[in-house]
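Coordinate inspection notes
Letter by letter, the chains look like this.
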Amino acid sequence: MSKILLTLLLLVISNTFMTLAWYGNLKLQDMKIISPNTSIVLIVLISWCIALLEYSFLIPANRIGSEINGGPFSLVQLKVIQEVISCLVFGVIVSVLFKGESLQWNHLVAVIFLILAVYFVFMK
């Protein structure tokens, strides 16, 4: 698998865990698995455990993808790509898990601007 594809795949997996670490507790509360009174310390500890999985994919993605290690991307390119993937993964997770939340036209425009940011960061 090429370094580009491997980097992108690892970033998608990483951002999936990140989004679940940040917002999963809200879904668990919505499903009545945890209550609004659940200890915030417990919520943070669970989120940290999920975030550990995120870092287990994010760090290799950055190392494989970075020009510093012979990869195809500069640090700025890696960061912008990661942000776009983060927004796309978030959009998918919100659409699938949070039925009360809906994506609007302005959200689509924002994603288009993020994609344009990727275009501009790759310009020479």
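My aim in this report is to walk through the structure given alongside it, one point at a time. (Residues numbered from 1 in each chain as written. Predicted model: local features only at pLDDT ≥ 70, side-chain atom pairs only at ≥ 80, totals over all residues. Heavy atoms only, no water.)

A cluster of nonpolar side chains, namely W105, L108, V109, I112, F113, L116, Y119, F120 and M123, defines an oily patch on the protein surface of about 1,000 Å² accessible area. Relative to the elements of secondary structure, L108 occurs in helix α4 (residues 105-122). Under the relative-accessibility criterion, L108 is labelled exposed at 54%. (Patch = residues over 30% accessible without salt bridge, like charges linked within 9 Å, V, L, I, M, F, W, Y side chains within 5 Å. Areas by Shrake-Rupley, 256 points an atom, 1.4 Å probe, with all protein chains shown as cover. Salt bridge = Lys/Arg side-chain N within 4 Å of Asp/Glu carboxyl O. Helix = DSSP H or I, 4+ residues; strand = E, 2+ residues; numbered from the N terminus. Buried < 20%, exposed > 50% of the residue type's maximum accessible area, 1.4 Å probe, protein only.)

Our focus in this paragraph is the packing of helix α3 (residues 75-97) against α4. At a minimum axis separation of 10 Å, α3 and α4 run at an interaxial angle of 165°. Here α3 lies roughly antiparallel to α4, going by the angle between them. Crossing hand, α3 versus α4: left-handed. Residue-level inspection shows V76, Q77, V80, I81, V84, C87 and L88 of α3 in contact with α4, the latter providing V111, L114, I115, A117, V118, V121 and F122. (Axes fitted to C-alpha atoms, helices over the stretch in contact; angles between N-to-C directions. Parallel < 35°, antiparallel > 145°, perpendicular 65-115°, else oblique. Left-handed = near helix turned anticlockwise from the far one by under 90°. Contact = heavy atoms within 4.5 Å.)

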